[in-house]
Structures are given as structure tokens and as C-alpha cells.
Amino acid sequence: MLNGLYVITDDRLTPKDSVLASIKNALDGGAKIVQLRDKISNDEQIESLVLDIQNICRSYKAKFILNDRVKLAIKLQCDGLHVGKSDYENIEFIRKNFKGILGVSCYDSIAQAKKMQNLKVDYVAFGSMFNSPTKPKSKTIPLKILSQAKEELSIPVCAIGGINNKNIDTVMLQNPDMIAVISDIWKSNNIKEQSKFYSNYFKKDFK
């Protein structure tokens, strides 16, 4: 089941020389899903890193998701792959050739999410929920889209974008299955404790 804290790496906040240690700290704090988002390396440069992260995640019984790199995810048989709108046209091909968890960014569109659900993706993400430090140009969306998505979809829903310890309560009231956090985890002085803070929200009852 896809549920819980979903951490996403960042080229600046989790550089290659420390990314594995940062991920382990997040997993120690209860993160359930880890996405590698690398926008600067080519596939060959991160191949061994992908396998290392995947192995670490498996040892914690967590899910590993690779961002955007369809060919590499298929080649390495990654546990998961996440794509955005540039791959909407390829979803049927991806689903046919990729056997792992497939997630798709749907931004603010429930209609798009329904289309993706029909194409057998495993989860959808909505955002930015708030102004995002890592994606400052992303437009923000109404919180109610999350609760609407939960009512109208049968696959898990992830909230992403600018989520921090000041606004997490308002997000959780919408009942998402996952919350994706970047800056507020990796910028913390104690990644493990910060991850635990978010993970604990999935033990509370917000209904």
C-alpha cells in the first residue's frame, strides 16, 4: 500500500556525496517512499546510485521511485517510476514495459488523474499545494482538490509542493495517502527527527 511520508531528493540539498546518508536518516525517521530526482546527471552517471538507493529502500521495506528517466527505470527494473506531463502521451507504452509502481503528476487536474487511473497508473500527485522553494515557478492549487481526488479516485493520492511544519495540518485535513516533502526535510538540522515529525501524522486521525 502506498501511504506515508514520501521524500524526494534534490540536486542542491542532497548532493551525491551525502545523498545516501540523508536518505538513510529519512528512512530511520519513518519515510516510506524515496524518489531520486536528478536533473543534472545523465543516465550512466547515476545508474549505480539508483541501484544503491533501491537496495537501501528495500532493506527498510520502503518504496524506491526514480523520477522521469523511463529508459533507465525499465533497464534497471526499478521498484518505481514517476513521470510528469511530458510523458502523458507515453503512459500506455510505459505501463506496458514497466512493471513497477508508476506515479504521475496531475498538477490540478482531476480529469487528468482519472485518465491516468484508467491507464493503470498506481498513484497520482497533485501540487504545488503551496509556494515551493525547489520549484518556485510551479502554480499553487486549491487544497480542496486533494479531498475531491480522494472522493473520485480509487488509486492513492499524493500531495506535493511547499509542504512544511506550518501548513501540514491543513494538508492532512484533506486526507491524502502520501505527502511529498523536499526542502523541509533536507534543510533540517536533524533529518531523522524531521522525518519522524511528518511520519507521525499518518498515525493520527484527521477525519
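Quick summary incoming for the structure in this document.

Procedures and definitions
Residues numbered from 1 in each chain as written. Predicted model: local features only at pLDDT ≥ 70, side-chain atom pairs only at ≥ 80, totals over all residues. Heavy atoms only, no water. 1 Å grid on protein atoms, 1.4 Å probe; cavity = no way out; pocket = protein on both sides within 12 Å on 5 of 7 lines; lining within 4 Å. Points joined across faces, edges and corners; volume = space filled by probe spheres on them. Helix = DSSP H or I, 4+ residues; strand = E, 2+ residues; numbered from the N terminus. Pairing = 2+ DSSP bridges. Axes fitted to C-alpha atoms, helices over the stretch in contact; angles between N-to-C directions. Contact = heavy atoms within 4.5 Å. Core = buried A, V, L, I, M, F, W, Y, C linked by side-chain atoms within 4.5 Å. Buried < 20%, exposed > 50% of the residue type's maximum accessible area, 1.4 Å probe, protein only.

1. Brief notes about the layout of surface pockets
Part 1: By volume, the largest pocket amounts to about 670 Å³.
Part 2: Taken together, 40 residues line the largest pocket, and the ones lying closest to its centre are Arg37, Ser128, Lys135, Ser138 and Ile160.
Part 3: Broken down by secondary-structure element, the contributors of at least two residues to the lining of the largest pocket are strand S1 (4-8), strand S4 (80-83), strand S5 (101-107), strand S6 (123-126), strand S7 (157-160), strand S8 (178-181) and helix H8 (183-186).
Part 4: With three residues, the single largest contributor to the lining of the largest pocket is S6.

2. Looking at the sheet that holds S7
By way of backbone hydrogen bonds, the strands of a sheet pair with one another, either parallel or antiparallel.
Part 1: Sheet architecture is closed into a barrel: eight strands sit in the order S1-S2-S3-S4-S5-S6-S7-S8, paired in parallel fashion. With direction set aside, neighbouring strand axes in the sheet form an average angle of 25 degrees.
Part 2: Where S6 lies against S7, three bridges are found, and the strand directions are parallel. Bridge pairing in S7 places Phe126 opposite Ala159.
Part 3: Strands S6 and S7 of the sheet are contacted by helix H6 (residues 144-152), whose axis makes an angle of about 170 degrees with S7.

3. A closer look at the nonpolar core
Part 1: Core analysis: the biggest nonpolar cluster contains 72 residues, and Val124, Phe126 and Ile179 have the highest contact counts within it.
Part 2: In terms of residue count, the dominant contributor to this core is helix H2 (residues 43-59) (six residues).
Part 3: Residues within four places of Val124 in sequence aside, it is in contact with Val104, Cys106, Ala113, Met116, Leu153, Ile155, Pro156, Val157 and Cys158.

4. Comments concerning unusual backbone geometry
Part 1: Residues Gly127 and Ser128 are joined by a peptide bond in cis, for which omega reads 10 degrees.
Part 2: With respect to the secondary-structure elements, Ser128 resides in the loop between S6 and H6.
Part 3: For Asp68, which is not glycine, the phi dihedral falls at a positive 70 degrees.
Part 4: Inspection of the secondary structure puts Asp68 in the loop between strand S3 (63-67) and helix H3 (70-76).
Part 5: Assessed through its relative accessible area of 29%, Asp68 is described here as partly exposed.
Part 6: Even without glycine at this site, Tyr107 takes up a positive phi of about 55 degrees.
Part 7: Along the polypeptide, Tyr107 turns up in strand S5.

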